[in-house]
Amino acid sequence: MSDASPAAIAARFLPNRPHYYYARIKLATDPIYDGVAGALDGCHAPLLDLGCGIGLFAHMLRRHGIRVPYHGVDNDARKIAAAREAAARSGLDATFETVDLAREAPPAHHGSVSLLDVLQFVPPDTHAGIVGAAIDRLAPEGRLVIRTGLQRETVRLRVTRAVDVFSRWWGWMNAGPQRYPSRAALEGWFEARGLEATFEPLRGRTPFENWLVVATHRGGRA
Ligand SMILES: C[S@@+](CC[C@H](N)C(=O)[O-])C[C@H]1O[C@@H](n2cnc3c(N)ncnc32)[C@H](O)[C@@H]1O
């Protein structure tokens, strides 16, 4: 795994060309992984990545020098297979598992948890349970990092939704967008469990309505 440039990371998904081009475009245009890696910087807790897709974030974590144990879960078995293949091909120390977060509890874990661009694709009535399960798995020093659009009537949210609909239409996603969580709902779930959280835009130069939410146990952040 010597070359960890974005181009080299994308090439780890070859010969699957759609995954290769997806990774090239994603890494060139979306600041998500750099932003989330920054939010995890200095935290040594293992990471459970809920809705990990093809596992791109695991590769970016290592590029950022973050060596914590990584386990990714997703309900799309083809993406999990692709994640495992790319990891094996490149010697990436990460594990992956097929789990449907709308129906099953995430695996046992004690550490940090990430939930990146996932909530809009699961039924809204499962949001509280998924975020609650993530909080259950948070170590005292762990960080819960969520990247998500927030439910607000903005042009940005309409653009975000349109792209999510398009992703479903061309087959990248196995589900279309339903509802984005509201900031008030997230704050309520955190407050009830004794977490404090920060909310910051994480969209770079994209036209999307994307936020970086970092929640920790009160007094738990290093
Ligand atoms: C936009 S992708 C984000 C992938 C990854 N988190 C990232 O940022 O690179 C959303 C992911 O959520 C996954 N997903 C949707 N519904 C899910 C469910 N019920 N259980 C687990 N994963 C789900 C999809 O399969 C997809 O990989």
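Refer to the structure above for everything that follows.
1. Side note on the pairing of strand 2 (residues 70–74)
Alright, step 1. The element strand 2 is extensively covered by neighbouring structure, given that five of its five residues are classed as buried.
Alright, step 2. Judged from the four bridges that link them, strand 1 (residues 47–50) and strand 2 form a sheet pairing that is parallel. Paired with L50 across the bridge in strand 2 is V73.
Alright, step 3. Crossover strand 1 to strand 2 through helix 4 (residues 56–63) is right-handed.
Alright, step 4. Of the strand pairs in this sheet, strand 2 and strand 3 (residues 95–98) are connected by four bridges, and their pairing is parallel. Its bridge partner lying in strand 3, D74 is registered against T98.
Alright, step 5. Traced from strand 2 through helix 5 (residues 77–90) to strand 3, the parallel crossover comes out right-handed.

2. A closer look at the packing of aromatic side chains
Alright, step 1. All chains considered together, the criterion is met by three aromatic pairs.
Alright, step 2. Residue placement shows R183 over the ring face of F199; its charged tip is 4.2 Å from the ring centre.

3. Focus: unusual backbone geometry
Alright, step 1. Along the chain, L14 connects to P15 via a cis peptide bond; the corresponding omega equals 15°.
Alright, step 2. Relative to the assigned elements, P15 resides in the loop between helix 1 (6–11) and helix 2 (17–29).
Alright, step 3. Of note, the phi angle at D117 is positive, near 60°, even though the residue is not glycine.
Alright, step 4. With respect to the helices, strands and loops of the structure, D117 is situated in the loop between strand 4 (112–116) and helix 6 (127–136).

What counts and what doesn't
- Residues numbered from 1 in each chain as written.
- Predicted model: local features only at pLDDT ≥ 70, side-chain atom pairs only at ≥ 80, totals over all residues.
- Heavy atoms only, no water.
- Buried < 20%, exposed > 50% of the residue type's maximum accessible area, 1.4 Å probe, protein only.
- Helix = DSSP H or I, 4+ residues; strand = E, 2+ residues; numbered from the N terminus.
- Pairing = 2+ DSSP bridges.
- Right-handed = clockwise from strand over helix to strand, strands pointing away.
- Phe/Tyr/Trp six-rings, centres within 6.5 Å; stacked < 30°, edge-to-face > 60°.
- Lys NZ or Arg CZ within 6 Å of the ring centre and 35° of its normal.

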